[in-house]
Structures are given as C-alpha cells and as structure tokens.
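Survey of secondary and tertiary structure
What follows is each chain in one-letter form.
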Amino acid sequence: MGNEALLQLEGVECRYADQVITTEIHFVLREGEIACLLGPSGCGKTTLLRTLAGFAPVSQGRIQLGKSVIAAPDYQCPPEKRRIGMVFQDYALFPHLDVRTNIAFGLQKSTLNQVQIQARVDELLAVTGLQALAQRYPHELSGGQQQRVALARALAPQPQLILLDEPFSNLDVELRRHLGQEVRSILKQLNMSAILVTHDQQEAFAMADQVGVLYQQKLQQWDTPFNLYHEPANRFVATFIGQGSFIAGTLLSHESVETELGVIVGNRAYPWQAGTCVDVLLRPDDFVLAPENGVPAVIKYKQFAGSSTLYGLRLASGTCLEALFNSHAEYECGQSIGIQVRAEHLILFAQEAKCE
Amino acid sequence: MPLDDYLYLDTENKLYLQGAWHTKTLAFIETQVRNHCHPEYLQSVTHIHADITHLDTNAAYLLVKLCRYFNLDPEGLTKEQQQTFTLVTAHLSPIPANQNNLPWLASFGKACLSPILQAKAMLAFLGEMSWALAEQIRQPSKIRLGLILSVIENAGAYAIPIISLLSFLMGAVIAYQGGLQLQTYGANIFIVELVSLTLLRELAPLITAIIVAGRSGSAFTAEIATMSINDEIRAMQSLGLSPQHILVLPKVMGLIFVLPLLTALADVAGLAGGMLVALLQLDVSFSEFLQRVPETVSVNHFLVGISKSFAFAWIIAHVGCMQGFYVQGGADSVGRQTTKSVVQSIFLVILADALFSILFTWLKI
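Residues numbered from 1 in each chain as written. Chains lettered and ligands numbered in written order. Predicted model: local features only at pLDDT ≥ 70, side-chain atom pairs only at ≥ 80, totals over all residues. Heavy atoms only, no water.

1. With respect to the domain arrangement of chain A
Residue and element names in this part refer to chain A.
- Along its sequence, chain A is carved into domain 1 (5-239) and domain 2 (243-350).
- When each unit is reduced to the centre of its C-alpha atoms, the spacing between domain 1 and domain 2 is 38 Å.
- The interface of domain 1 with domain 2 comprises 11 residues on the first partner and 10 residues on the second.
- A combined buried area of about 1000 Å² lies between domain 1 and domain 2, and 52% of that area is made up of carbon and sulfur atoms.
- Summed over the shared surface of domain 1 and domain 2, the result is one salt bridge.
- Two residues, D279 and R235, come together in a salt bridge whose shortest N-O distance is 2.9 Å.
- At the junction of domain 1 and domain 2, the tally comes to four residue pairs in polar contact (both at pLDDT 80 or more).
- At the level of elements, α7 (225-230) and α8 (235-240) are the ones that each hand at least two residues to the side of domain 1 that touches domain 2.
- Ranked by residues supplied to the side of domain 1 that touches domain 2, first place goes to α7 with four residues.
- Each residue belonging to the side of domain 1 that touches domain 2 can be placed in one class, and the counts come to six nonpolar, three polar and two charged. (Domains from an automatic or database assignment. Contact = heavy atoms within 4.5 Å. Buried area = accessible area lost by both parts, 1.4 Å probe. Salt bridge = Lys/Arg side-chain N within 4 Å of Asp/Glu carboxyl O. Polar contact = N/O pair within 3.5 Å; in protein donor to acceptor, adjacent residues only side chain to side chain. Helix = DSSP H or I, 4+ residues; strand = E, 2+ residues; numbered from the N terminus. Nonpolar A, V, L, I, M, F, W, Y, C, P; charged D, E, K, R; others polar.)

2. Side note on the side chain of S218 of chain B
Residue and element names in this part refer to chain B.
- Mapping S218 onto the fold places it in helix α8 (residues 191-229).
- At 2.6 Å, the side chain of S218 and the backbone oxygen of G214 are in polar contact.
- A distance of 3.4 Å separates a polar side-chain atom of S218 from the backbone oxygen of R215.

3. Considering the pattern of salt bridges
- Applying the stated criterion across every chain, the model contains 20 salt bridges over all chains.
- For R120 of chain A, the salt bridge is made with E123 of chain A, and the minimal N-O distance between the two is 3.3 Å. Taken together, the positions of R120 of chain A and E123 of chain A, both in helix α3 (residues 114-128) and three residues apart, correspond to about one turn of that helix.
- By relative accessible area, R120 of chain A is classed as buried at 14%.
- A residue is classified by how much of its surface remains accessible, and E123 of chain A, at 40% relative accessible area, is partly exposed.
- Residue E182 of chain A is joined to R148 of chain A by a salt bridge in which the shortest nitrogen-to-oxygen separation is 3.5 Å. Here R148 of chain A lies in helix α4 (residues 143-155) and E182 of chain A lies in helix α5 (residues 173-189), a separation of 34 residues in the sequence.
- Taken together, the salt bridges that share partners define one network made up of R50 of chain A together with D231 and R234 of chain B. (Buried < 20%, exposed > 50% of the residue type's maximum accessible area, 1.4 Å probe, protein only.)

4. Description of helix α1 (residues 45-53) of chain A
- With seven of nine residues buried, α1 of chain A is to be regarded as a mostly interior element.
- G54 of chain A lies just past α1 of chain A and shows a positive phi near 100°.

5. What about the UniProt feature "transmembrane region" (unreviewed entry) in chain B?
All names here are of chain B.
- When the UniProt feature table is mapped to this numbering, "transmembrane region" (unreviewed entry) covers residues 155-176, 182-200, 255-282, 302-321 and 342-363.
- Across residues 182-200, helical content stands at 74% and strand content at 0%; the span's end C-alpha atoms are separated by 20 Å.
- Secondary structure over residues 255-282 splits into 100% helix and 0% strand, and the C-alpha atoms at its two ends are 38 Å apart. (UniProt positions renumbered as here; feature names shortened; annotations may be inferred.)

So, in structure tokens, the structure goes:
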C-alpha cells in the first residue's frame, strides 16, 4: 500500500445556490488506496465527488492533489487540467464511437504516436477483458460491459486518481458483486487510487480500503470498514452500518457494563465514571445460544438467510433485539430461548436521557 | 343527492365520509371520490365531516387530496385518525407555487432583465472561446483537422443543393419583381445592376447565413446539448480534453471557412436565376448580362458581401455552441434550446447586417 498522501481535503464546504450541501470535510487519501463515500441518498456524496472532479466549486477549505492545490474558494483548476478520471453513473460513453475509439479518446495525438496509442488501448482492453468487444458500439454492450469500457476509458490517460459515481447502481445484484471485485482487482493491479460513491454498504465494504460515512452534510467517520463496523464514532454510524440493537446498561468499571443480559466485558475502556448510564450496541452476531443459563427471550419474528437465520427477540423487560444464529437449529415464532452476549468489541454511547 | 357507501352529500351540502378507509377499500373509495370531485360541487360543499372507522396512510393521502380540492379541513376525525392525517399532510410535497403569478411589474422587470443576462452570457462565452482560440494558435499541433473537415462537409458540402436552389429562386424573384417596374420605364438593362447589387451586397450573404443557422446552428446546439445531458462533456473534461477545443473551435473554424464559400456560391446561383428571368421577361441576353456585370458593378460589392459572411459564420457558431452548453434539465430542453439558438442567431445575423450597412456607408464602400 502506498504511503504518500495523494489527495487531501481540508475543511471543504460545497454549496449549491446558497444551500450548503456538505461542510467541514476533512480526509486524506494515500496513493494506491481505494476509498468510498457512503451515505443515504441526498447526503451530498455525489456533489462532493463532482467538486473533486472540478465540476463544482468549493466555497470554503481547499483540496490538494499531490503537491498542488486544485480547488480553493478563490481558485478552481479546470477539470481537464486536474488529471482526475471519472466514471459516470450512466457511463457517458460516446455513442457514435466503438469501444476501441472510446478508450482511445483521451489519449492525446500530440504526445503519443499511433502505435503507442494502440498499444495502450490493447493493454487496457486486456486488463478489462474486453478484447473480443473492441469493435462493438456502446449500444451493443450490456450494462456490465459498458461499465468496464467507461473504466478503461477513464484509466487510459493515466490519471492520478479515479472517481466512480455510483458505479454499479444500474446493474443487478449478482453482477454488482462480481464486477465490484473485478474493478477492485483492476485498480489494485494498476496501483490506481480511487474514490467511489455509493449508498450500498456491502459494495463499500467489498471495494474500499477506507470508507467515509456522510450524513447531514458532514463526514461522520473516515475509517477502515472493520473499524466502522466495530468501532463506530457515533450513533448514526452505529445504526447506519450493519444491523444492531441498543440496550440500556450501567457502567460498572471503565470496561464492563451491567445490562439485563448480564455483565458485558469488552476490549475498550471508556472514560466515563462507574454508574454512568449508557447504551450498548449489540450486533446480531454478538449473541450466542445458551439454553441452560441464558437470559430468556421470546422470538417475535424470523428471517431465514441461508446459512444463518435472523431472529427478532423480545426480553422480559420488553427490550427488542435482533440476533443471528446458525440455521441448523430451527426455532419457531413465539418460542422462548436462552441467549448470552459474547461481544468482543464493546461499543457504548452515553445515554442522552437520564436513567430511572 | 348522490348516495354512496363511503361518502355522500347531504342536503345542507355537507360531505359525509363513512366506512373503513384503508388500502383494501381504496379502489372503491377512489371512484366515489372522483365522482364528488366534480367542478359543479366545488362551490357547494361547505363541510367535510368524517365519521369513519379506519384510516391508514394510503387512504389519508386520498383524504388530504380531497380536502385540498375543496380547500376544507375534515371534521370529526378521531385523535388517531387526525394524527395520521397530519403525518401524511406533513410529508406531502407542498403545492407548487404558481410561477407565472408574479405581479405585472415584476414580470416586466424579469422580461427586461433576460436579454441583459443573455448578453452577459454571450460575452462570457466569447471570452472563453477567444482564450481557447489563442491557446490553439500557440499550439497548432492540437488543431483537430478531422473535426474541422467534418464540419466543412456537414455544414458546407451538404448545404450546396439547398443554398443554390434558394438563391437561384431569390435571384429570379428579384429580377421578376424589379423587371416589372423597370419595363414600364423601358429601362430593361438596369435589371443587371438591380439583381447583382441586391444579391452580392445583401441578400446572398443573408440568405446563406439564415439557411446555415437553421441547418447547422441548430445541429450544433442539439449535438452539444445532448452530449451535455448525457454527461459526455464532463467525461471529456475528466479525460483531460477541453470541450472548447473539441466541440467549439472546430465548428467555428469550419464555419468561418465554409460560409464565405457558400455565399459566393449563392451569388453565382442568384445571378443565374436573375439572368434567366432577364432573358425570358426582359429580353436581356446572357452575354449582355454577363458583360454588363463587371462594367457597372464594382468588385467591392462582392467583397462587402463576403466579408460580412465571416462575421455571420462566427455569430452562428458562437450562438449554436453556447446555447448547447447552457442546456439545463432533461432531453425535453434540447428542443427548446435548439429553437432558442436558431431564433437568436438569425436575429443577431440581421442585427449585424444592419450594423454593417451603417459601417460601410460611413466608410463609403
């Protein structure tokens, strides 16, 4: 993995007609890293991407690519001079050009000769596995193939960074997963840095080294997928990433908390005093079945998902939880089972309201 | 008094709602509601009284629409139903404000402002274009000859038949109409000056520019607007290519090259038309006509016409490309933008022609 900082955003704010779309965006992307901006629709992630590409101005802060500042409130480097490639949501292929000419479009005839251009196009066709389709026109290709042509075209001029705007949103789920892996391996193979935008966290986790969660105009957390899931920075990230339920508890020491499911001991210490009321985030996979000494819980609903089954449970106190168990053991709705918590990552949030 | 299962109108013009209003019954309710949302009831309904057993969000949506239609609030909802109703109202998109409902002074001001804004945009685009042109002149290797040639072919070569035909007819019409007047004075031979002066100086450059604006200016706008909507222009930029260099300059250069040629062609075709009518109607033979043209019409008139066509070419390419880039929204605006482009370029061409007349009179050419 590269170590040089390639792209730096410092307090970037984007506006659209006096309306703040995103604000106080800070992050650093290192060379060769793939990052993903994740957030519910309308959170400003596409606007941020367009600002990076140079199609929208920044109203505050600055963007630095390599050693040079490319955008600041009083300066905007034109998109064609940024060396940032972009793959558009609808691919924006040139419809009257075949695949080969589409890919060659960005290669300047003034700096490369015909042989070099053809060699570069052949190389990209090979990397993206499109050799057989080189003579086809965009309308003769499937969505996944068009996606790869768009990627190859964006890669052709050897940009420093590549941006992908909801790259797989037009594809079916199966293809999406497959192509996500494929795109990731192509980018890694070329040691290309990339930022993609998506609202699908599966996609984000599968593709990215770093994920930024955007919500309410702000970057809530910029971290690895593992940390986002296991160490969310705030409640929004905790609920937005993966499933989970909160149960109330009281802190016994800095790293153990008493709840109605017993004392939970975690791997992280919290600075709050003993006796503080907290909410504990429990992921569905933090629960194990304990028929003898577990806390009784009634099954309210269940969702079969192949290798495992998600159960909606209700404790005696009325608290509702979601738990994931191996689907070998089959339980029925209304049945009472014993559960225990086995959480390796203890995630606590201070309770907003006072506990009774 | 119409009587239905779910709503009825009583004699005091109160609309009573009854029964279970939920998704299952929605289809029935909707037909009945539609019967009541008739303009003839619009004035007469004074109250909406709800005495219903169920209300879910789907039905509440219908109820909200019904209430908005009559501009009334429902009465008699239970607390829960009222909550559902408020929730749905809160999440419904607001009634779009009527844009055309500006006071007359404001709309007058807006109308006055729009040409100023257009002029400002044109000036900005002119700046961008000139800058790109300067860049291109510094690096002649970046000139896209292929693209220029394709403009010359499409805007020039393919326009030859229509321009020749129309100028021929134009020449013939002028000769015919003018000839009728000249004949009464027996001044038949002056048809030569009449036809060649009007054509060379004014009509040939103008008619050519107007046809090219309609044929190619609109095509430029449509092409750029479509590309803009499909994000192709942004794709181009992100590939490190300037749209000015790829899309605008080749069109400007191609048109500046080809429009004077087309004007010359229109001169020739127009004269041919005039000559034919002169022969048939006024007994001026071809040889007399052709001999008299260089004798009486100075070459300046021809050059004036040609020099104007350079400016017209710039205007057409400028407006055509600019309107393409200023497209907003979806595919439907391509057509609107194209219309705007044609109207604007023809207007500007005629305006420029008038200014040229003043200029040339002043210069005594």
